[in-house]
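Chains, contacts and geometry: an overview
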Amino acid sequence: MLDKITKNVGEVLDFPPDVSGNGPRVTIIGHRAILVENYREIIDFTEEEIRIDTTEGVMVFRGKGFVLKVVLVTELRIEGELASLTYGEGSELK
């Protein structure tokens, strides 16, 4: 019930989905740090690629030397050299 109320209030006040719901939020700081909030699970992790499931699809981070610095239930902090981010079905952001 609380989710329904939160959605309705968010829609009425025209909040972005990451504020009013459980949508993912990604903050990239330069090429060396990534903060991911509201993720579901880590699908795969290597030093060159990290796959994360979110409510809106799979995110794939590619780069070098990835290290998980913080792993919490709703938040990840990744450090390493980010080269690219693919989000959803085949759209790549560089």
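Look up: the structure comes first, before these words.
Notes on the structure follow. (Residues numbered from 1 in each chain as written. Predicted model: local features only at pLDDT ≥ 70, side-chain atom pairs only at ≥ 80, totals over all residues. Heavy atoms only, no water.)

1. Remarks on the environment of Arg25
Its place among the elements puts Arg25 in strand 1 (residues 25–29). For Arg25, a relative accessible area of 33% translates into the label partly exposed. Expressed as a C-alpha distance, the spacing of Arg25 and Asn38, which sit 13 residues apart in the sequence, is 6.6 Å. (Helix = DSSP H or I, 4+ residues; strand = E, 2+ residues; numbered from the N terminus. Buried < 20%, exposed > 50% of the residue type's maximum accessible area, 1.4 Å probe, protein only.)

2. Quick notes on the pairing of strand 1
The pairing of strand 1 with strand 2 (residues 33–37) spans 5 bridges and is classified as antiparallel. What sits directly across from Arg25, in strand 2, is Glu37. (Pairing = 2+ DSSP bridges.)

3. A closer look at the environment of Glu48
You can see Glu48 is positioned in the loop between strand 3 (39–45) and strand 4 (49–54). Glu48 gets classed as partly exposed once you look at its relative accessible area, which sits at 47%. Sequence separation between Glu48 and Phe61 is 13 residues; the distance between their C-alpha atoms is 8.1 Å. The residues contacting Glu48, other than those within four sequence positions of it, are Phe61, Arg62, Gly63 and Phe66. (Contact = heavy atoms within 4.5 Å.)

4. Observations regarding the environment of Ser84
Looking at the element boundaries, Ser84 is found in strand 6 (residues 75–87). Measuring from C-alpha to C-alpha, the distance between Ser84 and His31 comes to 9.5 Å, with 53 residues separating the pair along the chain.

5. Some remarks on unusual backbone geometry
A positive phi angle, close to 60°, is found at Asn38, a residue other than glycine. When you line up the elements, Asn38 lands in the loop between strand 2 and strand 3. The class of Asn38 is partly exposed, set by a relative accessible area of 23%.

Such coordinate-based values are descriptive only and should not be taken to indicate function.
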